[in-house]
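# Structure at a glance
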Amino acid sequence: DGGITQSPKYLFRKEGQNVTLSCEQNLNHDAMYWYRQDPGQGLRLIYYSQIVNDFQKGDIAEGYSVSREKKESFPLTVTSAQKNPTAFYLCAGQPTGGHTIYFGEGSWLTVV
Amino acid sequence: AQSVTQPDIHITVSEGASLELRCNYSYGATPYLFWYVQSPGQGLQLLLKYFSGDTLVQGIKGFEAEFKRSQSSFNLRKPSVHWSDAAEYFCAVSAEAGTTDKLIFGTGTRLQVFP
């Protein structure tokens, strides 16, 4: 819907390894978000960014890191400190001045 | 703190039947309210939203929702369900943080449609 592209769709990693999920948008959205989805728990906010080179922690930021070096890109790194990283991760963007958030197609991360 | 409650975890309806999915929110001011739909393994698609004005809002795919301030509710309805409507539905409220809206989601309602 909103030109949010996430990659890869599926990712498998061994426990103890860091992994980076890509999120790119081509609609000039100022704000971008990362959510985590677990069965029965809805979506929970990990990090968000309002402008380039600035980001804030969401409700479950521990064990995650982000960067916002370019407006189009907001990658999420799941570090080895994240105790239960297996989940579905959703990136989203928000147009300037708007209140609607648009989501990408998500990335499945499985840590074994 | 803001919160969203979707009391029904799972709903099953027959194709052609009417549908109502419940959503209650807790928020001090007038909220921005949203309904999203998610097919298995996919991202979330916006169905409709309420910001202000007419309390009955129309969305895509024949869905509508009614904002009732007195009941703190924003229930989603469809007069006649199609098999393709089977999915998970999320209600969300926006808790503004400066110029960035942080969506708070309910836990979702899974809709199953029988032929």
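Small disclaimer: the values here were computed from a predicted structure and weren't measured.

### Here we look at the sheet that holds strand S7 (residues 64–66) of chain A
All names here are of chain A. With respect to topology, four strands assemble into an open sheet ordered S1-S3-S8-S7, the strand pairing being antiparallel. Looking at strand neighbours, the two that pair on one side only are strand S1 (4–7) and S7, the edges of this open sheet. Across this sheet, the average inter-strand angle for adjacent strands is 20 degrees, counted without regard to direction.

### Describing the interface of chain A and chain B
At the junction of the two partners, chain A supplies 23 residues and chain B supplies 23 residues. Carbon and sulfur atoms make up 52% of the surface buried where chain A meets chain B, a total of about 1,900 Å² over both sides. For the pair chain A and chain B, the interface holds zero salt bridges. On the surface where chain A and chain B come into contact, there are six residue pairs in polar contact (both at pLDDT 80 or more). Elements supplying a minimum of two residues to the side of chain A that touches chain B: strand S4 (31–37), strand S5 (43–49) and strand S9 (87–94) of chain A. The element best represented in the side of chain A that touches chain B is S4 of chain A, accounting for four residues. Residues belonging to the side of chain A that touches chain B are distributed by class as follows: eleven nonpolar, nine polar and three charged.

### Re the packing of aromatic side chains
With the rule as written, the count across this model stands at 18 aromatic pairs over all chains. Geometrically, the ring pair formed by Tyr-47 of chain A and Phe-55 of chain A is edge-to-face, given 5.9 Å between the ring centres and 80 degrees between the ring planes. The exposure class of Tyr-47 of chain A is buried, given its relative accessible area of 7%. For the ring pair Tyr-36 of chain B and Phe-105 of chain B, a centre distance of 6.0 Å and an interplane angle of 50 degrees mean the geometry is tilted. On the criterion of sequence distance, the pair formed by Tyr-36 of chain B in strand S5 (residues 32–38) and Phe-105 of chain B in strand S11 (residues 100–105) is long-range, its members being 69 residues apart. Owing to a relative accessible area of 0%, Tyr-36 of chain B belongs among the buried residues under this scheme. Joined through ring pairs, the aromatic side chains of Tyr-33, Tyr-35, Tyr-48 and Phe-103 of chain A together with Tyr-32, Phe-34, Tyr-36, Phe-51, Phe-90 and Phe-105 of chain B make up one cluster. In this structure, Arg-68 of chain A is placed above the aromatic ring of Phe-74 of chain A, and the distance from its NZ or CZ to the ring centre is 5.9 Å.

### Comments concerning the environment of Ser-73 of chain B
All names here are of chain B. Of note, Ser-73 is situated in strand S9 (residues 73–78). A relative accessible area of 4% means that Ser-73 is categorised as buried. Taking the C-alpha atoms as reference points, Ser-73 and Ser-94, separated by 21 residues in sequence, lie 14 Å from one another.

### Digging into the nonpolar core
Residue and element names in this part refer to chain B. Within the largest apolar cluster, 26 residues are counted, with the highest numbers of intra-cluster contacts made by Trp-35, Leu-48, Phe-74, Leu-76 and Tyr-89. When residues of this core are traced back to their parent elements, those giving at least two are strand S2 (10–14), strand S3 (19–21), S5, strand S6 (44–50), strand S8 (64–68), S9, strand S10 (87–97) and strand S12 (109–114). If one sorts the elements of this core by residue count, S10 sits on top with four residues. Residues within four places of Leu-48 in sequence aside, it is in contact with Leu-33, Phe-34, Trp-35, Val-57, Gln-58, Gly-59, Phe-63, Glu-64, Ala-65, Phe-74 and Leu-76.

### Structural notes on the environment of Val-93 of chain B
All names here are of chain B. Its location among the elements puts Val-93 in strand S10. The buried category is assigned to Val-93, whose relative accessible area is 0%. In this structure, the C-alpha to C-alpha distance between Val-93 and Tyr-25, residues 68 residues apart in sequence, is 7.3 Å.

### Overview of a nonpolar patch on the surface
Residue and element names in this part refer to chain A. Taken together, the side chains of Tyr-10, Phe-12 and Trp-108 define a hydrophobic patch exposed on the protein surface, amounting to about 380 Å² of accessible area. As for its placement among the helices and strands, Phe-12 is situated in strand S2 (residues 10–13). Judged by relative accessible area, Phe-12 falls into the exposed class, the value being 57%.

### Some remarks on the confidence of the model for chain B
Averaged over all residues, the pLDDT of chain B is 91; the fraction at 70 or higher stands at 94%. Across chain B, element-level confidence peaks in S3 of chain B with a mean pLDDT of 98 and bottoms out in S11 of chain B with 76.

Conventions and cut-offs
Residues numbered from 1 in each chain as written. Chains lettered and ligands numbered in written order. Predicted model: local features only at pLDDT ≥ 70, side-chain atom pairs only at ≥ 80, totals over all residues. Heavy atoms only, no water. Pairing = 2+ DSSP bridges. Helix = DSSP H or I, 4+ residues; strand = E, 2+ residues; numbered from the N terminus. Axes fitted to C-alpha atoms, helices over the stretch in contact; angles between N-to-C directions. Contact = heavy atoms within 4.5 Å. Buried area = accessible area lost by both parts, 1.4 Å probe. Salt bridge = Lys/Arg side-chain N within 4 Å of Asp/Glu carboxyl O. Polar contact = N/O pair within 3.5 Å; in protein donor to acceptor, adjacent residues only side chain to side chain. Nonpolar A, V, L, I, M, F, W, Y, C, P; charged D, E, K, R; others polar. Phe/Tyr/Trp six-rings, centres within 6.5 Å; stacked < 30°, edge-to-face > 60°. Buried < 20%, exposed > 50% of the residue type's maximum accessible area, 1.4 Å probe, protein only. Lys NZ or Arg CZ within 6 Å of the ring centre and 35° of its normal. Core = buried A, V, L, I, M, F, W, Y, C linked by side-chain atoms within 4.5 Å. Patch = residues over 30% accessible without salt bridge, like charges linked within 9 Å, V, L, I, M, F, W, Y side chains within 5 Å. Areas by Shrake-Rupley, 256 points an atom, 1.4 Å probe, with all protein chains shown as cover. pLDDT = per-residue confidence, 0-100.

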